[in-house]
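Letter by letter, the chains look like this.
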Amino acid sequence: ACHDKTVLEGVLWGFAALCKGPDGGVVSDVEMSRMCSQAFCNLTGTYSKEIIGSTSCVKMLFMLTGSDDYYTKLYSSRALLNILSQLREEDKEEEMIACQAAKPLYNMCASDDPSVNGLCLLGFCIISQFKAAREEMRSIEVMKQVDFDVVLSDPELSYTYAATICNLLMEGVSEQVIGGGVVSNLMLLSRSKEFRTVMVVARGIY
């Protein structure tokens, strides 16, 4: 009920405005940015569609994922993943959000925190289902940014990594996708005990 009231009265959009600093970036007040990112995290589970429809909320969420504060980055990364999971391929505006998410996700991968890196990889897998996003991902060579140690730490992430590469190769083989040790990584994953991971690796190599 409290969350319903928050959305209906536009408080969340107020959070987005409060977190905007005078330079147009994220406000320097860490407590404020944490509060805003946690609100996004809590509400995107139920109200992703409403937030997707707000350009200011989506833009602020992208900016919050680039915060130097650990909790702000973690909460906003979770919120971003919630948003991305609700995007529809047939909706051109939502496809554009997927495309715009590529760079924030790329920057998130620079984090030293395995949790953030895992969320980043899951986000890559989701947006790689959108053609426009795949083009953007290839242009900035996103897979070279992924920490492969994080990939190997979890069978789910191993599958996600392989599936993302497979999606990125849909338009053809490109050095932007398979460079930087990606082929070696795929060969290593081909020896996985997870059948679905082996299958998607085989599909990607083929």
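What counts, and at which threshold
- Residues numbered from 1 in each chain as written.
- Predicted model: local features only at pLDDT ≥ 70, side-chain atom pairs only at ≥ 80, totals over all residues.
- Heavy atoms only, no water.
- Helix = DSSP H or I, 4+ residues; strand = E, 2+ residues; numbered from the N terminus.
- Rg over C-alpha atoms; globule rule 2.2 N^0.38 Å.
- Buried < 20%, exposed > 50% of the residue type's maximum accessible area, 1.4 Å probe, protein only.
- Contact = heavy atoms within 4.5 Å.
- Areas by Shrake-Rupley, 256 points an atom, 1.4 Å probe, with all protein chains shown as cover.
- Lys, Arg positive; Asp, Glu negative; His and termini not counted.
- Charge placed at Lys NZ, Arg CZ, Asp CG, Glu CD.
- Polar contact = N/O pair within 3.5 Å; in protein donor to acceptor, adjacent residues only side chain to side chain.
- Salt bridge = Lys/Arg side-chain N within 4 Å of Asp/Glu carboxyl O.
- Axes fitted to C-alpha atoms, helices over the stretch in contact; angles between N-to-C directions.
- Parallel < 35°, antiparallel > 145°, perpendicular 65-115°, else oblique.
- Nonpolar A, V, L, I, M, F, W, Y, C, P; charged D, E, K, R; others polar.

(A) Looking closely at the overall build of the protein chain. Scanning the protein chain from terminus to terminus reveals 14 helices and zero strands. The linear arrangement of helices and strands in the protein chain, starting from the amino end, is α-α-α-α-α-α-α-α-α-α-α-α-α-α. For the protein chain, the C-alpha radius of gyration of 17 Å lies close to 17 Å, the compact-globule estimate for 206 residues. Counting only C-alpha atoms, the protein chain reaches 50 × 35 × 35 Å along its principal axes. Counting the 206 residues in the protein chain, one finds 49% classified as buried. Expressed as a percentage of contacts within the protein chain between residues at least 6 apart in sequence, the contacts between residues at least 24 apart total 67%. Counting every atom, the protein chain has about 10200 Å² of accessible surface; 52% of that belongs to carbon and sulfur. Of the side chains in the protein chain, 18 bear a positive and 26 a negative charge, and the two mean positions are spaced by 4 Å.

(B) Spatial organisation of the environment of R138. Relative to the helices and strands, R138 resides in helix 9 (residues 131-139). Here R138 falls in the buried class, since its relative accessible area comes to 10%. A C-alpha to C-alpha distance of 8.9 Å links R138 and E175, two positions 37 residues apart in sequence. In terms of polar contacts, R138 uses its side chain to reach the side chain of E171, at 2.9 Å.

(C) Here's a closer look at the pattern of salt bridges. Evaluation of the coordinates by the stated rule reveals ten salt bridges. The closest approach of N and O atoms between K49 and E94, which form a salt bridge, is 3.5 Å. On the criterion of sequence distance, the pair formed by K49 in helix 3 (residues 30-52) and E94 in helix 6 (residues 92-100) is long-range, its members being 45 residues apart. What makes K49 partly exposed here is its relative accessible area of 36%. Residue E94 is classed as buried on the basis of its relative accessible area, which comes to 5%. The shortest N-O distance in the salt bridge between R88 and E94 comes to 2.9 Å. Taken together, the shared-partner salt bridges in this structure form one network comprising K49, R88, D91 and E94.

(D) Layout of the packing of helix 9 against helix 11 (residues 155-168). For the pair helix 9 and helix 11, the least separation of the axes is 10 Å and the interaxial angle reads 100°. Taken together, the axes of helix 9 and helix 11 lie roughly perpendicular to each other. Across from R134, M137 and R138 in helix 9, the residues of helix 11 making contact are T164, N167 and L168. Partitioning the contact of helix 9 with helix 11 into residue classes produces two nonpolar, two polar and two charged.

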